[in-house]
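Spelled out from the first residue to the last, the chains are:
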Amino acid sequence: MQQNLTKRYYSISEVAGMFNVNISKLRYWQDHFPTINPKRDRAGDRKYTPDDIKQIREIFVLIEEEGHTIEGAKNALEKKRARKNANQEVVDTLVGLRDFLKKVRDSLDQGDDSSL
């Protein structure tokens, strides 16, 4: 299932083949998981990006391999996003602190404390 995604867009049949699921299951998941939002070409055919496929992979693992229901998979994805958001706040704080400390160091290296 771990594939090297080299193309920009994949058809629904290609994506279904990657996961060995029916096309209708992909359409069903798309209805229930708004994060799956493939582009459409002029004929109206779905075109999946590698990011879409990454999200489908997460859903596939939750539902098909771990046995979650649709609602259970939604809850698991929401918890993952909440953890990621909390971690991002910490990262942002640390980056700000690092930038401040770099300014202090640069100021001390120049012997100028007026820029603090």
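Keep in mind the model is a prediction, meaning the values are calculated, not measured.

> Help me understand unusual backbone geometry, please; the structure alone is not making it clear to me.
In most cases, non-glycine residues show a negative phi, while peptide bonds are predominantly trans. Here N20, not a glycine, exhibits a phi torsion of approximately 55 degrees, which is positive. Structurally, N20 can be placed in the loop between α1 (12-19) and α2 (23-32).

> Explain the pattern of salt bridges to me, please; I cannot follow it from the model alone.
Any two side chains of opposite charge can pair, on the condition that their charged atoms come close. Using the criterion set out here, one finds six salt bridges in the structure. A salt bridge links K25 to E64; the nearest nitrogen and oxygen atoms lie 2.8 Å apart. Of this pair, K25 sits in helix α2 while E64 sits in helix α3 (residues 50-65), placing them 39 residues apart in sequence. Residue classification places K25 among the partly exposed positions, given a relative accessible area of 29%. On the basis of relative accessibility, which here comes to 36%, the residue E64 falls in the partly exposed class. Across the pair E71 and K74 runs a salt bridge, and its minimum N-O distance is 3.5 Å. You can see E71 and its partner K74 sitting in helix α4 (residues 70-110), three residues apart, about one turn around the helix. For E71, a relative accessible area of 47% corresponds to the partly exposed category. Look at K74 and you get partly exposed, because its relative accessible area is 27%.

> Can you walk me through a nonpolar patch on the surface in this structure?
Residues V90, L94, L97, F100 and L101 make up a contiguous nonpolar surface patch of about 480 Å² in total accessible area. The residue L97 is located in helix α4 in this model.

> Where do I start with the side chain of Q30 in this structure?
Relative to the helices and strands, Q30 resides in helix α2. Ignoring sequence-local partners within four residues, the contact set of Q30 consists of I36, P38, R40, R46 and Y48.

> Even after reading the chapter, I still don't get the packing of α1 against α2, so can you show me in this structure?
Two measures define how a pair of helices packs: the angle their axes make with one another and the distance between the axes. Contact geometry of α1 with α2 gives a least axis separation of 9 Å together with a crossing angle of 100 degrees. By the angle class used here, α1 and α2 are roughly perpendicular. Residues I12, S13, V15 and A16 of α1 form the contact with α2, whose participating residues are I23, L26 and R27. Here the residues of the contact of α1 with α2 sort into five nonpolar, one polar and one charged.

Rules used in this analysis
Residues numbered from 1 in each chain as written. Predicted model: local features only at pLDDT ≥ 70, side-chain atom pairs only at ≥ 80, totals over all residues. Heavy atoms only, no water. Helix = DSSP H or I, 4+ residues; strand = E, 2+ residues; numbered from the N terminus. Salt bridge = Lys/Arg side-chain N within 4 Å of Asp/Glu carboxyl O. Buried < 20%, exposed > 50% of the residue type's maximum accessible area, 1.4 Å probe, protein only. Patch = residues over 30% accessible without salt bridge, like charges linked within 9 Å, V, L, I, M, F, W, Y side chains within 5 Å. Areas by Shrake-Rupley, 256 points an atom, 1.4 Å probe, with all protein chains shown as cover. Contact = heavy atoms within 4.5 Å. Axes fitted to C-alpha atoms, helices over the stretch in contact; angles between N-to-C directions. Parallel < 35°, antiparallel > 145°, perpendicular 65-115°, else oblique. Nonpolar A, V, L, I, M, F, W, Y, C, P; charged D, E, K, R; others polar.

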